[in-house]
Amino acid sequence: VLLESAANSLPIVTTNVGSVNDLFVDGQSAVIVPRGNAEAMARGITRYLDEPNLRKRCIINARKIARKHKVKSFISHIINRLEENAKSVNSSNLM
């Protein structure tokens, strides 16, 4: 969902769970707040309203991350398909 939001130029306010910190940087590509802290989430949303430059910067950088991730996923998919085809060809040649 976060990468979809980023790809669609939506500002991201998220919690610091899972791989969020591997993809996004607080204040550069998202506003990252502690999990379970509703007040921090509200402050994160308010930051985007109060700081238009933060909002613009995060949207631009998050969109770049989404594009990069999309390209990596596409390349990974192509590699997997090529490997499957190579195995299929090798199996056929053994018969």
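Residues numbered from 1 in each chain as written. Predicted model: local features only at pLDDT ≥ 70, side-chain atom pairs only at ≥ 80, totals over all residues. Heavy atoms only, no water.

K.L.:
Go over the overall build of the protein chain, please, and point to the residues and values.
P.N.:
A count of helical and extended segments in the protein chain gives 4 helices and 2 strands. Along the protein chain, from the amino end to the carboxyl end, the secondary structure elements read α-β-α-β-α-α. On C-alpha atoms alone, the protein chain measures out to a radius of gyration of 19 Å, which is more than a quarter above the 12 Å that the 2.2 N^0.38 rule sets for 95 residues. Based on the C-alpha atoms only, the size of the protein chain along its principal axes is roughly 65 × 25 × 15 Å. Looking at the protein chain as a whole, 22% of its 95 residues are labelled buried. In the protein chain, once contacts between residues fewer than 6 apart in sequence are set aside, the share between residues at least 24 apart is 44%. As displayed, the protein chain offers around 6,800 Å² of accessible surface, 55% of which is attributable to carbon and sulfur atoms. (Helix = DSSP H or I, 4+ residues; strand = E, 2+ residues; numbered from the N terminus. Rg over C-alpha atoms; globule rule 2.2 N^0.38 Å. Buried < 20%, exposed > 50% of the residue type's maximum accessible area, 1.4 Å probe, protein only. Contact = heavy atoms within 4.5 Å. Areas by Shrake-Rupley, 256 points an atom, 1.4 Å probe, with all protein chains shown as cover.)

K.L.:
I'd love a proper account of a nonpolar patch on the surface, names of residues and values included.
P.N.:
Together, V71, I75 and I79 make up a nonpolar patch on the protein surface, roughly 250 Å² of accessible area in all. Topologically, V71 is positioned in helix α4 (residues 52-94). (Patch = residues over 30% accessible without salt bridge, like charges linked within 9 Å, V, L, I, M, F, W, Y side chains within 5 Å. Salt bridge = Lys/Arg side-chain N within 4 Å of Asp/Glu carboxyl O.)

K.L.:
Let's hear about the nonpolar core: which residues, and what values?
P.N.:
Counting 8 residues, the largest nonpolar core is built from A6, I12, V20, F24, A30, I32, A62 and A66. The residues touching A6, leaving out its near neighbours within four places in the chain, are I12, F24, A62, R63 and A66. V31, V33, A40 and Y48 belong to the second largest nonpolar core, which has 6 residues in total. (Core = buried A, V, L, I, M, F, W, Y, C linked by side-chain atoms within 4.5 Å.)

K.L.:
Summarise the pattern of salt bridges; cite the residues concerned and give the values.
P.N.:
Evaluation of the coordinates by the stated rule reveals 2 salt bridges. The partner of E51 in a salt bridge is R47, with the nearest N and O atoms 3.5 Å apart. Assessed through its relative accessible area of 34%, E51 is described here as partly exposed. Where R81 meets E84, a salt bridge forms, and the shortest distance between an N and an O atom there is 4.0 Å. Here the residue R81 and the residue E84 both occupy positions in helix α4, the gap between them amounting to 3 residues, near one helical turn. On the basis of relative accessible area, E84 is assigned to the partly exposed category, the value being 48%.

K.L.:
A description of the environment of V31 should follow, citing residues and the corresponding values.
P.N.:
Tracing the chain through its elements places V31 in strand β2 (residues 31-33). By relative accessible area, V31 is classed as buried at 2%. With 16 residues separating them in the primary sequence, V31 and R47 have C-alpha atoms 8.4 Å apart. Once residues within four sequence positions are removed from consideration, V31 is found in contact with I12, V13, T14, D26, G44, R47, Y48 and L54.

K.L.:
I'd like to hear about helix α3 (residues 38-50), residue by residue, with values.
P.N.:
For α3, spanning 13 residues, the distance from its first C-alpha to its last is 18 Å, which sits close to the expected 18 Å at 1.5 Å a residue. Those residues of α3 lying buried are A40, G44 and Y48. Down the axis of α3, the smallest arc covering the buried residues is 90°, so these residues share one side. Residues of α3 that are exposed and point over 90 degrees away from its buried face: A38, E39, L49 and D50. Capping the start of α3 is the job of one residue whose side-chain oxygen sits 3.3 Å from the backbone nitrogen of E39: N37. (Expected span 1.5 Å × (residues − 1). Arc of directions from axis to C-beta. Polar contact = N/O pair within 3.5 Å; in protein donor to acceptor, adjacent residues only side chain to side chain.)

Geometric descriptors of this kind do not, in isolation, establish any biological role.
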